[in-house]
Amino acid sequence: MEYQVIIPAAGSGKRMGAGRNKLFIEVAGRPVILHTLDVFASDLYCKKIILAIQPNDESQFRNILAGHPGNGKIAYVYGGDERQHSVYNGLKAAGGQIILVHDGARPFIRQHTISRLVQAAHDNGAAIAAVPVKDTIKRADRNQVVETVDRSGLWQIQTPQAFRLPILMSAHEQAKEQGYVGTDEASLVEKAGQPVMIIESDYDNIKLTTPEDLYFAEAILAKRRN
Ligand code: C5P
């Protein structure tokens, strides 16, 4: 089933501390953004890649992506102050029935997870990639434990997140009216009262956020090359 994907890539990468957009950092000799785009470039069902970027990064993105097989499918939009605003700008350039949102900083998503998300969004309206929480989770008041949370039924949420386009568009418009800013798209859709399905993903679908994630990224790619 055909889909389009919005890739928010307009962050400042403050937590990575690289002093530049973390999507330009090289992992296994290639910028992170190229690894993220590989799977969408080779997926014939992916009809358009909408990349939300900061204007200051535009020439660098265009240079890096010039020789990439996905380049012909890419449309650039400018991002906003929050990730949610970047995605909303991308939505305005989107069409078709099914839209995916996938973080530029999450380079290891697998094709089979994408296919399952697209199908589940078609069938149910909204579907998100996630893995079961592995660690013990506690709620604390500063550094004093208040309670241990029952982790059964708790999921760590990733991207891609997949939606029927009108559902995501109206959830974004409602959030905008209410001044609500969420950390993912599904939270907006939940607020709009729509069901969201979970598709179990892989633990190696990590987001590169802080410097040590780059070591994990090198290890994941080395393993995949074997
Ligand atoms: O900062 P974090 O890693 O959570 O950001 C997730 C993704 O959202 C990154 O790919 C980043 O470039 C993007 N982003 C964005 N616009 C912002 C902030 C983050 O497109 N204002």
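Once a new chain begins, its residue numbering starts again from 1 and follows that chain's sequence as written. It should be noted that, the model being predicted, local features are given only for residues of pLDDT at least 70 and side-chain atom pairs only at 80 or more, the latter also being counted only at that level, while totals for whole chains, interfaces and linings use all residues.

J.: Please clarify how the environment of Ala-186 should be interpreted in this entry.
T.: Helix numbering and strand numbering both begin at the N terminus, where a helix is a DSSP run of H or I of at least 4 residues and a strand a DSSP run of E of at least 2. Inspection of the secondary structure puts Ala-186 in helix α6 (residues 185-191). C-alpha separation for the pair Ala-186 and Leu-214, spaced 28 residues apart in sequence, amounts to 27 Å. We call two residues in contact if the C-beta atoms placed from their backbones are at most 7 Å apart. Each residue touching Ala-186, except ones within four places of it in the same chain, is listed here: Ala-126, Ile-128, Gln-161 and Val-196.

J.: Just checking my understanding: could you explain unusual backbone geometry for this structure?
T.: Glycine aside, residues mostly have negative phi angles, and peptide bonds mostly take the trans form. The omega torsion across Thr-159 and Pro-160 is 10°, close enough to zero to call that bond cis. Checked against the element boundaries, Pro-160 lands in strand β10 (residues 155-164). Its identity as a non-glycine residue notwithstanding, Arg-142 has a phi of 50°, on the positive side. The topology assignment puts Arg-142 in the loop between β8 (137-141) and β9 (144-149). Backbone-placed C-beta atoms define the burial measure: a residue is buried with 20 or more other C-beta atoms within 10 Å of its own, exposed with 12 or fewer, and partly exposed in between. By C-beta crowding, Arg-142 is classed as exposed, having 5 other C-beta atoms within 10 Å.

J.: I'm lost on the site of the ligand in this one. Help?
T.: Using a C-beta atom placed from the backbone, a residue is described as near a molecule or strand when that atom lies within 6 Å of it. Close contacts around the ligand come from 16 residues, with Pro-8, Ala-10, Gly-11, Ser-86 and Gly-104 the closest. Charged means Asp, Glu, Lys or Arg here, nonpolar means Ala, Val, Leu, Ile, Met, Phe, Trp, Tyr, Cys or Pro, and polar covers whatever is left, Gly included. Here the residues of the shell around the ligand sort into five nonpolar, six polar and five charged.

J.: So what exactly am I meant to see when it comes to the pairing of β10 here?
T.: Consecutive side chains along a regular strand alternate between the two faces of the sheet. By the bridge criterion, four bridges tie strand β6 (residues 98-101) to β10 in an arrangement that is antiparallel. Looking at β10, one finds that Ile-98 is bridged to Arg-164. In this sheet, β10 lies alongside strand β7 (residues 126-132) in antiparallel orientation, the contact comprising six bridges. Bridging from a neighbouring strand, Ala-130 pairs with Ile-157 of β10. For two strands to pair, DSSP has to find at least two bridges joining them.

J.: Hey, could you run me through the nonpolar core in this one?
T.: Considering soluble globular proteins, one finds that nonpolar side chains tend to be buried as a cluster. Here, a nonpolar core denotes buried Ala, Val, Leu, Ile, Met, Phe, Trp, Tyr and Cys residues that are linked to one another through C-beta atoms within 7 Å. Ranked by size, the top nonpolar core spans 57 residues in total, and within it Val-5, Ile-6, Ile-50, Ala-52, Leu-117 and Val-189 carry the most contacts. Other than its neighbours up to four places away in sequence, Ala-52 contacts Ile-6, Ile-7, Pro-8, Ala-9, Ala-10, Val-77, Gly-79, Ser-86, Val-87, Asn-89 and Gly-90.

J.: How do you make sense of the UniProt feature "site: Transition state stabilizer" (unreviewed entry) in the chain when you look at a structure like this?
T.: UniProt positions are given in the numbering used here, feature names are shortened, and annotations may be inferred rather than shown by experiment. Mapped onto the present numbering, the UniProt feature "site: Transition state stabilizer" (unreviewed entry) falls at Arg-15 and Lys-22. Along the chain, Arg-15 turns up in the loop between β1 (3-8) and β2 (26-27). Considering the arrangement of structural elements, one finds Lys-22 in the loop between β1 and β2.

J.: Just checking my understanding: could you explain helix α3 (residues 83-91) for this structure?
T.: Since there are 3.6 residues in each turn of an α-helix, residues three or four apart along the chain are aligned in direction. Burial of α3 is extensive: seven of the nine residues sit out of reach of the surface. Buried within α3 are the following residues: Arg-83, Gln-84, Ser-86, Val-87, Tyr-88, Gly-90 and Leu-91. Residues of α3 that are buried in the fold lie against β1, β4 (46-53), β5 (74-78), β6, α5 (165-178) and α6.

J.: Would you mind showing me how to read the UniProt feature "site: Positions MEP for the nucleophilic attack" (unreviewed entry) in the chain here?
T.: Using the residue numbers shown here, the UniProt feature "site: Positions MEP for the nucleophilic attack" (unreviewed entry) corresponds to Arg-151 and Lys-207. If near-sequence neighbours (up to four positions away) are discounted, Arg-151 is found in contact with Val-133, Thr-136 and Ile-137. Those residues in contact with Lys-207 that lie beyond four places of it in its chain are Asp-103, Ala-105 and Arg-106.

J.: Even after reading the chapter, I still don't get the pairing of β5, so can you show me in this structure?
T.: Where β4 lies against β5, five bridges are found, and the strand directions are parallel. In the sheet register, Leu-51 faces β5, and the bridge partner there is Tyr-76.

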